[in-house]
Amino acid sequence: MKQKEALEILKMGHNVYLTGAAGSGKTHLLNQYINFLKKNDVSVAVTASTGIASTHLNGMTIHSWAGIGINDDLNEWELDSLLQKSHLAKRFQNTKVLIIDEVSMLHHYRLDLIDKVCRAFRQKDFPFGGMQVILSGDFFQLPPISKNNGEFCFINKANVWENMDLKICYLDEQYRQDCDTLTNILNNIRQDNAGENVLTPFRLR
């Protein structure tokens, strides 16, 4: 899928999982959509699973934005305490679009926790309280880091994933390099298909 097609799907208001290999322009596309939303006075929360990733979009970590910090879960008392924070209440009520970048590094139970918090603050029993949600990242890249065997947050792991009616936008153009041979080699390595088809070009050199 080309970036232009994906941008149109985002503009339609669908929940989206935006993915593609490194260099396919995921961050560039997100910035395009963020600029579009801001020009149209649509409140957008720009977040990522890590601090470094969030700086690439001039955002903040999803943990900080949602107020969950390092918690893996919140009991009823802890959630009620969170709901008393007026600055968070205002944030959740005003946000129309939530972007979470580098979603591959977000534990499945934390995605469900963020969904739980969103529903509680917005008082709407829809995924993420009815906000448009854009999850961006590549599950072929870095996984969550955990002592508790946290798993990827895709379908059959995070409960909310299959209820979001996600549109999958797979960017397949390559902007980081223009050598087709190198691109094919990288894609094969990425897909764990590094056989003779990958090794032969190196042997020829």
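Caption draft 1: Broad picture of the overall build of the chain. For the chain, the helix and strand inventory stands at nine helices and six strands. Expressed as a percentage of the 205 residues in the chain, the buried residues total 44%. Restricting to contacts in the chain with at least 6 residues of sequence separation, those with at least 24 account for 72%. For the chain, the accessible area works out to roughly 11400 Å², and carbon and sulfur atoms hold 50% of it.

Caption draft 2: Spotlight on the pattern of salt bridges. Following the criterion strictly, the structure yields six salt bridges and no others. Across the salt bridge formed by Asp 115 and Arg 119, the nearest N and O atoms sit 2.9 Å from each other. A residue pair is termed a helical-turn pair when its members lie 3 or 4 positions apart in one helix, as Asp 115 and Arg 119 do in helix 7 (residues 108-122) at four residues. Looking at Asp 115, the relative accessible area reads 8%, which means it is buried. Linked through salt bridges whose partners overlap, the residues forming this network are Asp 115, Arg 119 and Asp 125.

Caption draft 3: Fine view of the sheet that holds strand 1 (residues 16-20). The six strands lie next to each other as 3-2-4-5-1-6, forming an open sheet whose pairing is parallel. Each edge of the open sheet is held by one strand with a lone partner, namely strand 3 (60-61) and strand 6 (167-171). Judged from the three bridges that link them, strand 1 and strand 5 (residues 132-136) form a sheet pairing that is parallel. Across the sheet, Tyr 17 pairs through a bridge with Leu 135, a residue of strand 5.

Caption draft 4: Spotlight on the nonpolar core. Formed by 32 residues in total, the largest nonpolar core has its most connected members in Trp 65, Leu 98, Leu 111, Val 117, Phe 128, Leu 135 and Trp 161. Counting residues per element, the ones that place at least two in this core are helix 4 (62-66), helix 5 (76-83), helix 6 (86-94), strand 4 (97-101), helix 7 and strand 5. When residues in this core are grouped by element, the largest group, six residues, is from helix 7. Ignoring anything within four residues of it in the chain, the contact list for Leu 98 reads Ala 45, Thr 47, Ile 62, Trp 65, Phe 128, Met 131, Gln 132, Val 133 and Ile 134. Counting 19 residues, the second largest nonpolar core, distinct from the first, contains Leu 57, Ile 99, Ile 134 and Cys 169.

Caption draft 5: Local environment of the packing of helix 1 (residues 3-11) against helix 2 (residues 26-39). At a minimum axis distance of 10 Å, the contact between helix 1 and helix 2 shows a crossing angle of 40 degrees. Looking at the two axes, helix 1 sits oblique to helix 2. Crossing of helix 1 against helix 2: the hand is right-handed. Contacts between helix 1 and helix 2 involve Gln 3, Ala 6, Leu 7, Leu 10 and Lys 11 on the former and, on the latter, His 28, Leu 29, Gln 32, Tyr 33 and Phe 36. Looking at the contact of helix 1 with helix 2 residue by residue, the classes come out as six nonpolar, three polar and one charged.

Caption draft 6: A look at the packing of aromatic side chains. Scanning the entire structure with this criterion turns up six aromatic pairs. The interplanar angle of 50 degrees and the centroid separation of 4.7 Å between the aromatic rings of Trp 65 and Phe 92 together place this pair among those described as tilted. A residue pair is termed long-range when its members are at least 10 positions apart, and Trp 65 in helix 4 and Phe 92 in helix 6 qualify at 27 residues. For Trp 65, a relative accessible area of 3% translates into the label buried. A connected cluster of aromatic rings, assembled from ring pairs, spans Tyr 17, Phe 139 and Trp 161. Above the face of the Phe 36 ring, Lys 11 is positioned so that its terminal group lies 4.6 Å from the ring centre.

Rules behind the numbers
- Residues numbered from 1 in each chain as written.
- Predicted model: local features only at pLDDT ≥ 70, side-chain atom pairs only at ≥ 80, totals over all residues.
- Heavy atoms only, no water.
- Helix = DSSP H or I, 4+ residues; strand = E, 2+ residues; numbered from the N terminus.
- Buried < 20%, exposed > 50% of the residue type's maximum accessible area, 1.4 Å probe, protein only.
- Contact = heavy atoms within 4.5 Å.
- Areas by Shrake-Rupley, 256 points an atom, 1.4 Å probe, with all protein chains shown as cover.
- Salt bridge = Lys/Arg side-chain N within 4 Å of Asp/Glu carboxyl O.
- Pairing = 2+ DSSP bridges.
- Core = buried A, V, L, I, M, F, W, Y, C linked by side-chain atoms within 4.5 Å.
- Axes fitted to C-alpha atoms, helices over the stretch in contact; angles between N-to-C directions.
- Parallel < 35°, antiparallel > 145°, perpendicular 65-115°, else oblique.
- Left-handed = near helix turned anticlockwise from the far one by under 90°.
- Nonpolar A, V, L, I, M, F, W, Y, C, P; charged D, E, K, R; others polar.
- Phe/Tyr/Trp six-rings, centres within 6.5 Å; stacked < 30°, edge-to-face > 60°.
- Lys NZ or Arg CZ within 6 Å of the ring centre and 35° of its normal.

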